Amino acid sequence: MAKIESKSRTVLESLAVFDPIKSSPLPQPSTTSFRSLAISTVSDSQVRIYIGTNTGNVVLLSLNPNLPVAPVSSNGVAHRNSTSFVDSDSISKNVSFLRSVSVSSYSVDSIHVLPQLGKILVVSDGSLFFLDFLLLQPVKKLGLPKGATVVAPRLRSASTSDRSSLSDVGVNLSETTSSSHRFLQKLGSGIRTNGAKNKESDLQREGGCTAAVAVGKRLILVELLGNRVGRNDKDTDSSSGSCVILKEIQGVDGVKTMAWIDDSIIVGTINCYSSFSCITGLSTPIFSLPDPSTPPLLKLLSKDHKVLVLVDNVGIIVNANGQPVGGSLVFRHVPDSIGDLSSYLIVVRDGKMMLYHRKSGNCVQLVSFAAEGIGPCIVANEENGNGKLVAVATPTKVICYRKVPAEEQIKDLLRKKNFKEAVSLVEELEGEGEMTKEMLSFVHAQVGFLLLFDLRFQEAVDHFLQSETMQPSEVFPFIMRDPNRWSLLVPRQRYWGLHPPPAPLEDVVDDGLMAIQRAMFLKKAGVETTIDDRFLLNPPSRSDLLESAIKNISRYLEVSREKDLSSEVQEGVDTLLMYLYRALNRVGDMEKLASSENSCIVEELETLLDDSGHLRTLAFLYASKGMSSKALSVWRILARNYSSGLWEDPSKDSDISGREIAAVEASKILEESSDQTLVLQHLGWIADINHLLAVQVLTSDKRNGQLSPDEVIAAIDPKKVEILQRYLQWLIEDQDSDDTKFHTLYALSLAKSAVESFERHKTSQNPDVKTLMGTNISDSGSNSIFQSPVRERLQFFLNSSDLYDPEEVLYLIEGSDLWLEKAILYRKLGQETLVLQILALKLEDSEAAEQYCAEIGRPDAYMQLLDMYLDPQDGKEPMFKAAVRLLHNHGESLDPLQVLETLSPDMPLQLASDTILRMLRARLHHHLQGKIVHNLSKAVNVDAKLARLEERSRHVQITDESLCDSCHARLGTKLFAMYPDDSIVCYKVDNMDLLSFGALLWCFKGIIFFF
């Protein structure tokens, strides 16, 4: 909540002035002074004011609070000025004198309005008096002991017990009455004694009010009785007014002020404040008064059921139990009197009335109603009304004030440009339940517009954002002149008419600057203005103000985008936000908005962005709206302009150029597009910039349907071989294509690239022959999209695929030195001899040659390889080391005789002797091992035959009593079987076992059957 500024509000305004010298037939007006004051609200249009004088008179005034206040005279000041004197001549007609009645010859100390009795209670000359509301009936003096100084009617809450709680524990009346009186009271007779009666049936029948009366050194709790109030004051019987003593509390001396809430009586004496229980009579100290100190003073806050107690100029609010609640309030002076008005406390002193806010303790209004030294003043507020009227009395006159309606207070603060104070007031009223949350939002919006026209744009938008009811369309007229697409969406509400109609920001700034210029001239002439002093001391420039305005309105629209808006308003917010971004040349924000999900109207922006050169933003906007063709055309233009130097590259300081950025953004669109014509149309210029982006476009899995491979292959520039190869690789490896033409095309493309790469390396300086012959030849440069060399990719594909035409590929590389690739192709064609010749003689890769022989799986393959090593042909020297390696690794698989026949006479014996010896030993070992295995097999066979013979030689005797061990059937002459475990079963069971356990059939070949 905003901090309340001191003396900045106009809570009260002058309503009426009563001057007895001018308008009243009071006796001896020159010697009469006012000592007490009370207000009673009869209806919305009638208020009675009771004045007690020092001569013992009670004066009745009548006031209509709804009458308009008469305008001030030429020598007066407006009534809502917080520091002006009241012009009594201008508003004295609003109050009228009705009558006056004399109560005693001494001063009227206090007046209490008792609406439940239809009477007023007056304290004068130590006695209590009853008067009717209109002062028409005779004065009734109550029969209480002489010396009453202070009276406090009881304030009850809803949970407070009734009068019987006091009667049950009341003090024995014998302390103040005679024994006969006490006897009559016990009998319950209706006899009156000294004005007191104690008949319960009468008490219940008549209206009553409980009050505490300070008399001497005791407190007397009484029940004030009177007829029930009728439809008008004349229905009240003046003759029926009395009191019943309920209880007395002794030992209370020097009571100066008092209040009674529920069961607690808070008393202020010359020494301290104490709380007395009306039930038990026990006293509880609240706190002592310092010495010296001013007399105690307290004020009953009836609506809150609390009490304000004063210690000098410090006020403390306590509850019914005397416990402080909240902080203390420090007043400027020691008050003469205190009043209560809504959330304010009214303090009067020396002709001045000050309003303090209860919670903050700040003075919000100061009213001077009399000259200094006027003497003690009194303030009274409504105790039973709506809390809108306050009366202040000096010794010679009475001034009435009424509370300014909250809405008018807010308007007044806004006119004075006290914006923080206005918002603070609304927040207070909203917290107290006197104003709705919608009204708070309304005021925030109103303050925002006033600040906007005061050129305080940041503060204005801060208030806009705090308003929950303000519509984003209300700021549209500040951005785009009417009429426009969204003119009908703007709410036609002028709020309180405190600010001009909406206008474009340029006009607002121009008008504000003119107002600043006028204010500067007026200030030089000594005339005060409402223009902010910051602007007068340091006038801002138009460009700075306009930039601030656009920046802050953009901030409001950015927040508004997150709200749940209608589609039309959302379109206006996004489109106008783009207008503002362009006005500030906030390219980053423009592109962010255009590339995100938005509701911008393309028709409103495309000419604007095109003319201002913000083509990137326009391209993003086209793309976000699904206008892919237009977006791609813009990106193509950007790439061409960056390339030709027509435009300055915005990314010249970054690692990626503007051309590549354009290609990247275009590729993002094409990756999701299923329009094959559009994709192929823009594929070429993207490929010219970056091959990898082109491949990503062709192989994207973001689109719903894939492109036609034949169309794509036909559209790829033949010079961009890597793009074609990568696309074919994707088709074959990722899409599992089994189309032989794609496999063949991929193999041919790789083969052609490999041949070209090999030739380039071959003609380079100091070529490494072994590298040329192997697989480590790389064609990958800094711009290649592949990480592996082309020959490696070619060899991998030739090995892995069986769907290409090896003859076509072989025809292509036939005249090259790609021997390993040729070996792979010959292998596919089944040309074993050629494969071995390439591996053994061309590549001299003995390991690969031996591995290939192992794959063939025939011993003659090794012999063929050995023959090639020993007789390489074409004038090459025999490869004895390779031959020895072959014999060493695979000599066991070769026929020694054939090896010896094959060996060349020129081969050194020391190279082959160890190998041949090992071959012969291995051959002998193999032969002997075979003979051992053969003999062991024969022994096992003999043992099996002997075991079978023994089983067949076994006998068994069957009698008529013999039973089957399984089904227990008599065997007799049935066919039976005997198992190796000597069990006997019938043939039927034996057959069942054989069917169930066919895997065990061979276990029973030795079974002997008998008949």
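Residues numbered from 1 in each chain as written. Predicted model: local features only at pLDDT ≥ 70, side-chain atom pairs only at ≥ 80, totals over all residues. Heavy atoms only, no water.

Undergrad: Now, about the pattern of salt bridges: what can you tell me, with residues and values included?
TA: For the structure on display, the rule yields 35 salt bridges. Among the ionic pairs, Asp688 bridges to Lys720, the shortest N-O distance being 2.9 Å. You can see Asp688 sitting in helix α20 (residues 676-689) and its partner Lys720 sitting in the loop between α22 (709-715) and α23 (721-734), a full 32 residues away along the chain. Residue Asp710 is joined to Lys741 by a salt bridge in which the shortest nitrogen-to-oxygen separation is 3.3 Å. Note that Asp710 is positioned in helix α22 and Lys741 in helix α24 (residues 740-762), a separation of 31 residues in sequence. Via salt bridges that share partners, Arg9, Glu421 and Glu428 belong to a single interconnected network. (Salt bridge = Lys/Arg side-chain N within 4 Å of Asp/Glu carboxyl O. Helix = DSSP H or I, 4+ residues; strand = E, 2+ residues; numbered from the N terminus.)

Undergrad: Just give me the short version of helix α14 (residues 567-584), but keep the residues and values in it.
TA: Under the 1.5 Å per step criterion, the end-to-end length of α14 is 26 Å for 18 residues, consistent within 8% with the ideal 26 Å. All buried positions along α14 are accounted for by Val569, Gln570, Gly572, Val573, Asp574, Thr575, Leu576, Leu577, Met578, Leu580 and Tyr581. Those residues of α14 that are buried are in contact with α10 (476-479), α13 (542-560), α15 (587-595), α16 (602-612) and α17 (615-624). (Expected span 1.5 Å × (residues − 1). Buried < 20%, exposed > 50% of the residue type's maximum accessible area, 1.4 Å probe, protein only. Contact = heavy atoms within 4.5 Å.)

Undergrad: Residue-level account of a negative patch on the surface, with values.
TA: Taken together, the side chains of Glu733, Asp734, Asp736 and Asp738 define an acidic patch exposed on the protein surface. Mapped onto the elements, Asp738 comes out in the loop between α23 and α24. The exposure class assigned to Asp738 is exposed, which follows from its relative accessible area of 60%. (Patch = residues over 30% accessible without salt bridge, like charges linked within 9 Å, V, L, I, M, F, W, Y side chains within 5 Å. Areas by Shrake-Rupley, 256 points an atom, 1.4 Å probe, with all protein chains shown as cover. Lys, Arg positive; Asp, Glu negative; His and termini not counted. Charge placed at Lys NZ, Arg CZ, Asp CG, Glu CD.)

Undergrad: Help me get a handle on the nonpolar core, residues and values and all.
TA: Counting residues in hydrophobic clusters, the biggest one holds 179 residues, and the most contacted among them are Met353, Phe369, Ile410, Leu557, Trp635 and Tyr869. Looking at this core element by element, the count peaks at ten residues for helix α8 (residues 437-453). Counting residues in each nonpolar core, the second largest holds 25 residues, with Leu289, Val307, Val309 and Tyr356 among its members. (Core = buried A, V, L, I, M, F, W, Y, C linked by side-chain atoms within 4.5 Å.)

Undergrad: Explain the packing of aromatic side chains residue by residue, including any values.
TA: For the structure on display, the rule yields 15 aromatic pairs. Ring plane angle 20° and centroid distance 6.4 Å describe the contact between Phe18 and Phe34, whose orientation is recorded as stacked. Pair noted here: Phe18 is in strand β1 (residues 12-18) and Phe34 is in strand β2 (residues 34-43), with a separation of 16 residues, a long-range link. In this structure, Phe18 and Phe34 share a single accessibility class: buried. Between Phe442 and Trp496, the ring centres sit 5.1 Å apart and the planes meet at 65°, which makes this aromatic pair edge-to-face. Placement of the pair is Phe442 in helix α8 and Trp496 in the loop between α10 and α11 (505-524), with a sequence separation of 54 residues. Among the residues examined, Trp496 registers a relative accessible area of 17% and is labelled buried. Joined through ring pairs, the aromatic side chains of Phe442, Phe449, Phe453, Phe464, Phe478, Tyr495, Trp496 and Tyr556 make up one cluster. (Phe/Tyr/Trp six-rings, centres within 6.5 Å; stacked < 30°, edge-to-face > 60°.)

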